[in-house]
Amino acid sequence: MADLKQLAEQLVNLTVKEVKELADILKDEYGIEPAAAAVAVAAAPGAGDGAAAAEEKTSFDVILKEAGGQKLAVVKLVKDLAGLGLKEAKDLVDGAPKELKSGVSKDEAEALKKQLEEAGAVVEIK
């Protein structure tokens, strides 16, 4: 049981980049879709909270409202965060408001928002 607790602690402490890499590994090597994995990982920490977890929203969408003044920095960051090619990231930023990520945990959504706002973007979490 101690190994499972240690694994849970490691999952909770992953950075956004590490979560993306984990999702890619799960998809490529095990055939598990990243959206399903993100929901499973996001739901796991709240599982012990009982009724309180049922009322709390566990899945959030990160919406890029606008690129702001430093569009190039935002495009580069979107490319890295979303795992897109440069053209796809530019198209997403140019087409704002657009959904950047959906079905992510609150912590991941807040981390994405913070990084994007530091680059100059306007971001909304739903």
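Refer to the structure above for everything that follows.
Reading the values: rules and limits
- Residues numbered from 1 in each chain as written.
- Predicted model: local features only at pLDDT ≥ 70, side-chain atom pairs only at ≥ 80, totals over all residues.
- Heavy atoms only, no water.
- Core = buried A, V, L, I, M, F, W, Y, C linked by side-chain atoms within 4.5 Å.
- Buried < 20%, exposed > 50% of the residue type's maximum accessible area, 1.4 Å probe, protein only.
- Helix = DSSP H or I, 4+ residues; strand = E, 2+ residues; numbered from the N terminus.
- Contact = heavy atoms within 4.5 Å.
- Pairing = 2+ DSSP bridges.
- Axes fitted to C-alpha atoms, helices over the stretch in contact; angles between N-to-C directions.
- Salt bridge = Lys/Arg side-chain N within 4 Å of Asp/Glu carboxyl O.

(A) Summary view of the nonpolar core. The biggest cluster of nonpolar side chains holds 21 residues, and the ones touching the most others in it are V62, L64, V74, V78, V93 and L116. Those elements that place two or more of their residues in this core are β1 (60-66), α5 (71-82), α6 (86-94), β2 (98-104) and α7 (106-118). For this core, the leading source of residues is α5, giving five residues. Ignoring anything within four residues of it in the chain, the contact list for L116 reads L77, V78, L81, L100, A121 and V123.

(B) Structural view of the sheet that holds β2. If you walk across this open sheet you meet the three strands as β2-β1-β3, and the pairing is antiparallel. Each of the sheet's edge strands pairs with one partner strand only, and the pair in question is β2 and β3 (122-125). The average undirected angle you get between the axes of adjacent strands in this sheet is 20°. In the packing of α5 onto the sheet, the strands contacted are β1 and β2, and the crossing angle to β2 comes to about 30°.

(C) Examining the environment of D107 more closely. The residue D107 is located in helix α7 in this model. Taking the relative accessible area as the measure of exposure, D107 reaches 60% and is therefore exposed.

(D) Expanded view of the pattern of salt bridges. Counted under the stated rule, the structure contains seven salt bridges. A salt bridge links K20 to D24; the nearest nitrogen and oxygen atoms lie 2.6 Å apart. Of the two residues, K20 and D24 both sit in helix α2 (residues 16-30), four residues apart, roughly one turn of that helix. With a shortest N-O distance of 2.6 Å, D94 and K90 are connected by a salt bridge. Placement of the pair is D94 and K90 together in helix α6, with a separation of four residues, close to one helical turn. K90 sits in the partly exposed class, given a relative accessible area of 41%. Linked through salt bridges whose partners overlap, the residues forming this network are K71, K90 and D94.

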